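# Understanding the architecture of this molecule
As a plain string of letters, each chain reads:
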Protein chains: 2
Amino acid sequence: MNSLEISVRRTLSPKALPSSETLGFGKYFTDHMFLASYSTKKGWYDARITPYEPLPLDPGAAVLHYGQALFEGMKAFRHEDGKCVLFRPEFNWQRMCEGAERLCMVAPPKELFIEGIKALIKVDEAWVPKEKGCSLYIRPTLIGTEGFLGVRPSDEYIFFTILSPVSSYFGGGAKPVKIWVEQDYTRACPGGLGSTKAAANYAGSLKAATEAKKKNYAQVLWLDIQREYVEEVGTMNVFFVFDNEIVTPSLEGTILGGGIRNSVIELLKSMNKPVVERKVKLQEIRDGAASGRLKEVFGTGTAAVISPVGELAAKDWNIVINNNEVGPVSKKLYDELTGIQSGQLPDSKNWLLKI
Amino acid sequence: MNSLEISVRRTLSPKALPSSETLGFGKYFTDHMFLASYSTKKGWYDARITPYEPLPLDPGAAVLHYGQALFEGMKAFRHEDGKCVLFRPEFNWQRMCEGAERLCMVAPPKELFIEGIKALIKVDEAWVPKEKGCSLYIRPTLIGTEGFLGVRPSDEYIFFTILSPVSSYFGGGAKPVKIWVEQDYTRACPGGLGSTKAAANYAGSLKAATEAKKKNYAQVLWLDIQREYVEEVGTMNVFFVFDNEIVTPSLEGTILGGGIRNSVIELLKSMNKPVVERKVKLQEIRDGAASGRLKEVFGTGTAAVISPVGELAAKDWNIVINNNEVGPVSKKLYDELTGIQSGQLPDSKNWLLKI
């Protein structure tokens, strides 16, 4: 594509906007979606906004057989002046590019990614919630669409973006979550796909998450393949607040580097807090809980922003963190991040992009 | 579904049958496909044969975001009397059930799986090749189709089957293949999806396979996470013929248990050959090549049946096997298996199902 021309075909049957109380997460989709197609011969072509409608896929499409699927999670926020902003879209584009390289896919160029999303949100702007704590969740997705059966990378792709208005995961009365320490199933291993937001990573995670939910835990904490080091919480990265440092597992190929993780590290550095990325042993967490050195645990992610963890439990032990209450570091980071996102605090890091 | 009623909607524009010389693998699809739908509320419903046509999928479908996709590979053969047979379809159904359990999916019942495939092949029977070494490749596929964004198992599935006439991988003049021993990327790890035919496993494998192809190797040999033991060859299981035993890696959760692997073990046992399933060290292979103890290496898979390996190579070593020629064990197994499949030899194991 030489210049980014986006055709628009509007829905003939717009849906009613859901009320903010019923939003939850990922249940409602807006009226439209953005798509662009790629083939080895043509490059990227046919950037278009259409009604939210079924995608016609060849039954032999690579995404259905060989898992060529990558996605991103982003948010748009409505400020008090009514205008809408994106939070760090370049971070998500960059991560999609890195994932595409690993999965032998072709990522959309930056302009296509960002301008496509902006154009889509302009069309569905009425869907960006006004209520505090609510936002528009954005799901950019890249799939291999060529129909064939020999195992090889697809020569055709569709990049599409869908939108879902969502409510706060972490309201005033939100309780810290209980997390199950997973010791049977593995999310990722060295040489695998763990650092990418590949659909494949989630396929393997569903069983552990489902079993944890049955035991009344919100999510699982994934460990490394030797079950010695802490990795991530499936849909969130994880931070541990010790007496003298705030620690998060370093990115060594098996952990997804989250946008909120990255933002939290930047914010903590700006606050002159002792934040460190390093390998974190599960035993260190347990020892810290026993000695009182462990003050807080929290998850970071686009959906939840900051999610305090009140309990970590495994087959034969459990620890309660900060008396199962929201701690001061979690609270401060949540206020700071949501303050910047909502426009209540200055955008000192230049993270917001006006739509 | 109380009884299996399959509706049939025939194509209005049947395609020309490709000539057997041009078949290759997975390039041509037949005129029709079989589908059945599932929802938690309705169970399995709407078993149907339709023209081969695009599947309309919700853009939020679980298969596109969370990788809920499983497939199978099977073959149908045409016998000299013109009648068609399936090779071990129950094996594939059973494996799909096991994979579905691991991926929190709902597998089709056995009757739906087998009768659906039989009915589809009856409709497209003209597409089953007559030529020696050719067959009809069958791709049963299960995907999560519910549209939502919270990470959880889908409540809706589609089971579909598509068909592709294919030629022999291993004709009279076929040369043994060269295989790259992969030491950087990992296919599967304990606690993961390695024993299932999940699309997710293939997503992670494309990069290693692509890099190997650039170096002129047909496929990669995957090792375990510590790079000590041999696992499989991506689209094939692997066997090693030593002086006094025929060895294949045992199934310990990270290896896909192939139908041809299983059939080869049964055939070798019937021949009173010393076949053993156990862990196989890469060093043992290298030592065997050096000492002359290693006589043959071959892969087994539905597509290739038996594929002799003429060379194994890694970054800093390579070994040539059996002077890069087809060995007697590979030849015997190929003749035996294709003899049974084609009806030239008696079906003493009761592996064939008439369509």
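Chain A is annotated in an unreviewed UniProt entry as branched-chain-amino-acid transaminase from Bdellovibrio reynosensis. Check the Cofactor (unreviewed entry) section of the UniProt entry for chain A; it says "pyridoxal 5'-phosphate". Recorded under Function (unreviewed entry), the UniProt text for chain A is reproduced unchanged: "Acts on leucine, isoleucine and valine."

### Observations concerning the overall build of chain A
Scanning chain A from N- to C-terminus turns up 8 helices and 18 strands. In terms of C-alpha radius of gyration, chain A reaches 21 Å, essentially the compact-globule figure of 20 Å for 355 residues. Considered along the principal axes of its C-alpha atoms, chain A spans approximately 60 × 50 × 35 Å. A buried classification covers 60% of the 355 residues belonging to chain A. Within chain A, counting contacts between residues at least 6 apart in sequence, those at least 24 apart form 70% of the total. Of the roughly 14,000 Å² of accessible surface on chain A, 48% is carried by carbon and sulfur atoms.

### What about the relation of the copies chain B and chain A?
Overlaying chain B with chain A gives an RMSD of 0.0 Å, the required rotation being 180 degrees about an axis along which the chain moves by 0.0 Å. Read as a symmetry element, the transformation amounts to a two-fold axis. Counting the interface residues of chain B, we find that 100% of their copies in chain A are interface residues as well, pointing to one common contact surface.

### Details of the interface of chain B and chain A
Facing 60 residues of chain B, the contacting portion of chain A comprises 60 residues. Regarding the contact of chain B and chain A, the summed buried area is about 4,700 Å², with carbon and sulfur atoms giving 68% of it. Contact with chain A buries surface across chain B, with B:Pro59, B:Leu149 and B:Leu206 losing the most and accounting together for 14% of the total. Put simply, A:Lys207 and B:Glu101 hold a salt bridge, and the shortest N to O gap is 2.8 Å. There are 22 residue pairs in polar contact (both at pLDDT 80 or more) connecting chain B and chain A. Where the side of chain B that touches chain A is concerned, the elements lending two or more residues are β4 (55–57), α1 (62–65), β5 (69–71), α2 (89–102), β8 (135–144), β9 (156–166), α4 (199–203) and α5 (206–214) of chain B. Its residues placed into classes, the side of chain B that touches chain A shows 34 nonpolar, 16 polar and 10 charged.

### As for α5(B)
All buried positions along α5(B) are accounted for by B:Leu206, B:Lys207, B:Ala208 and B:Ala212. Contacts made by the buried residues of α5(B) are with α2 (89–102) of chain A together with β10 (177–181), α4 and β11 (219–221) of chain B. Downstream of α5(B) by one or two residues, B:Asn216 has phi in the positive range, about 80 degrees.

### A look at the pairing of strand β6 (residues 74–78) of chain B
Residues and elements named next belong to chain B. For β6, a buried count of 5 out of 5 residues is recorded, marking the element as mostly surrounded by other parts of the structure. By the alternation rule, side chains of β6 split into Met74, Ala76 and Arg78 and Lys75 and Phe77, which are all buried. Alignment of β6 against β8, held across 3 bridges, turns out to be antiparallel. Directly across from Met74, in β8, lies its bridge partner Ile138.

### Some thoughts on the packing of α2(A) against helix α3 (residues 110–123) of chain A
Residues and elements named next belong to chain A. Taken N-terminus to C-terminus, the directions of α2 and α3 make an angle of 135 degrees; their axes are 10 Å apart at the nearest point. Between α2 and α3, the crossing angle belongs to the class labelled oblique. Judged by the sense of rotation from one axis to the other, the crossing of α2 with α3 is right-handed. Of the residues in α3, those in contact with Pro89, Glu90, Asn92, Trp93 and Met96 of α2 are Lys110, Phe113 and Ile114. Of the residues in the contact of α2 with α3, the class split is 5 nonpolar, 1 polar and 2 charged.

### Regarding the packing of aromatic side chains
Any pair of aromatic rings gets described here by the distance separating the centres and the angle formed by the planes. Under the counting rule described, the total for this entry stands at 26 aromatic pairs over all chains. With centroids separated by 6.2 Å and ring planes inclined at 70 degrees, the aromatic side chains of A:Phe34 and A:Phe159 adopt a geometry described as edge-to-face. Within this pair, whereas A:Phe34 is found in strand β2 (residues 32–39), its partner A:Phe159 is found in strand β9 (residues 156–166), the two being separated by 125 residues in sequence. Judged by centre distance (5.1 Å) and plane angle (50 degrees), the ring pair of A:Phe71 and A:Tyr202 falls under tilted. Of this pair, A:Phe71 sits in strand β5 (residues 69–71) while A:Tyr202 sits in helix α4 (residues 199–203), and the two are 131 residues apart along the sequence. Accessibility expressed as a relative area gives 5% for A:Tyr202, which makes it buried. Feature note: the residues A:Tyr66, A:Phe148, B:Phe71 and B:Tyr202 constitute an aromatic cluster, connected by ring pairs.

### Brief notes about the environment of A:Asn323
All names here are of chain A. Tracing the backbone through its elements, the reader meets Asn323 in the loop between β17 (317–320) and α8 (328–342). A residue is classified by how much of its surface remains accessible, and Asn323, at 61% relative accessible area, is exposed. For the pair Asn323 and Gly310, spaced 13 residues apart in sequence, the C-alpha to C-alpha distance is 7.2 Å.

### Here's the deal with unusual backbone geometry
With a phi close to 50 degrees, A:Asn322 is a non-glycine residue in the positive phi region. Here A:Asn322 is to be found in the loop between β17 and α8. In this model, B:Val305 sits at a positive phi of 60 degrees, which is unusual for a non-glycine residue. Inspection of the secondary structure assignment puts B:Val305 in strand β16 (residues 305–314).

### Regarding the domain arrangement of chain A
All names here are of chain A. Under the domain assignment, chain A is made up of domain 1 (7–168) and domain 2 (177–342). On a C-alpha basis, the centroid separation for the pair domain 1 and domain 2 is 27 Å. Listed as interface residues are 20 residues of domain 1 and, on the opposing side, 24 residues of domain 2. Of the roughly 1,700 Å² buried where domain 1 meets domain 2, counting both sides, 60% is carbon and sulfur surface.

### Considering the state of the cysteines
Residues and elements named next belong to chain A. All chains considered together, the criterion is met by 0 disulfides over all chains. The thiol sulfur of Cys84 is not disulfide-bonded, and the nearest other cysteine sulfur, from Cys134, lies at 13 Å. Free cysteine: Cys97, not disulfide-bonded; nearest cysteine sulfur from Cys104 at 15 Å.

### What to know about the pairing of strand β12 (residues 237–242) of chain B
Every regular strand shows the same layout, with side chains that alternate between the two sheet faces. Residue and element names in this part refer to chain B. Counting buried residues along β12, 6 of its 6 residues qualify, which places the element largely inside the surrounding structure. Burial of β12 is two-sided: the residues Asn237, Phe239 and Val241 facing one way and the residues Val238, Phe240 and Phe242 facing the other way are all buried. Across 6 bridges, β12 lies against strand β15 (residues 294–301) in antiparallel orientation. Looking at β15, one finds that Asn237 is bridged to Thr300. The turn linking β12 back onto strand β13 (residues 246–249) is made up of 3 residues.

### A short note on the environment of B:Gln341
Residue and element names in this part refer to chain B. In this fold, Gln341 is placed in helix α8 (residues 328–342). For Gln341, a relative accessible area of 4% gives the class buried. In sequence terms Gln341 and Phe77 are 264 residues apart; their C-alpha atoms lie 6.5 Å from each other.

### Notes on the environment of B:Trp317
Residues and elements named next belong to chain B. Mapped onto the elements, Trp317 comes out in strand β17 (residues 317–320). Of the residues examined, Trp317 reaches a relative accessible area of 11% and is grouped as buried. In this structure, the C-alpha to C-alpha distance between Trp317 and Trp93, residues 224 residues apart in sequence, is 40 Å. When neighbours within four sequence positions are excluded, Trp317 is seen to be in contact with Val181, Leu282, Arg286 and Leu312.

Rules used throughout
Residues numbered from 1 in each chain as written. Chains lettered and ligands numbered in written order. Predicted model: local features only at pLDDT ≥ 70, side-chain atom pairs only at ≥ 80, totals over all residues. Heavy atoms only, no water. UniProt positions renumbered as here; feature names shortened; annotations may be inferred. Helix = DSSP H or I, 4+ residues; strand = E, 2+ residues; numbered from the N terminus. Rg over C-alpha atoms; globule rule 2.2 N^0.38 Å. Buried < 20%, exposed > 50% of the residue type's maximum accessible area, 1.4 Å probe, protein only. Contact = heavy atoms within 4.5 Å. Areas by Shrake-Rupley, 256 points an atom, 1.4 Å probe, with all protein chains shown as cover. Least-squares fit on C-alpha atoms with pLDDT ≥ 70 in both. Buried area = accessible area lost by both parts, 1.4 Å probe. Salt bridge = Lys/Arg side-chain N within 4 Å of Asp/Glu carboxyl O. Polar contact = N/O pair within 3.5 Å; in protein donor to acceptor, adjacent residues only side chain to side chain. Nonpolar A, V, L, I, M, F, W, Y, C, P; charged D, E, K, R; others polar. Pairing = 2+ DSSP bridges. Axes fitted to C-alpha atoms, helices over the stretch in contact; angles between N-to-C directions. Parallel < 35°, antiparallel > 145°, perpendicular 65-115°, else oblique. Left-handed = near helix turned anticlockwise from the far one by under 90°. Phe/Tyr/Trp six-rings, centres within 6.5 Å; stacked < 30°, edge-to-face > 60°. Domains from an automatic or database assignment. Disulfide = S-S within 2.5 Å.

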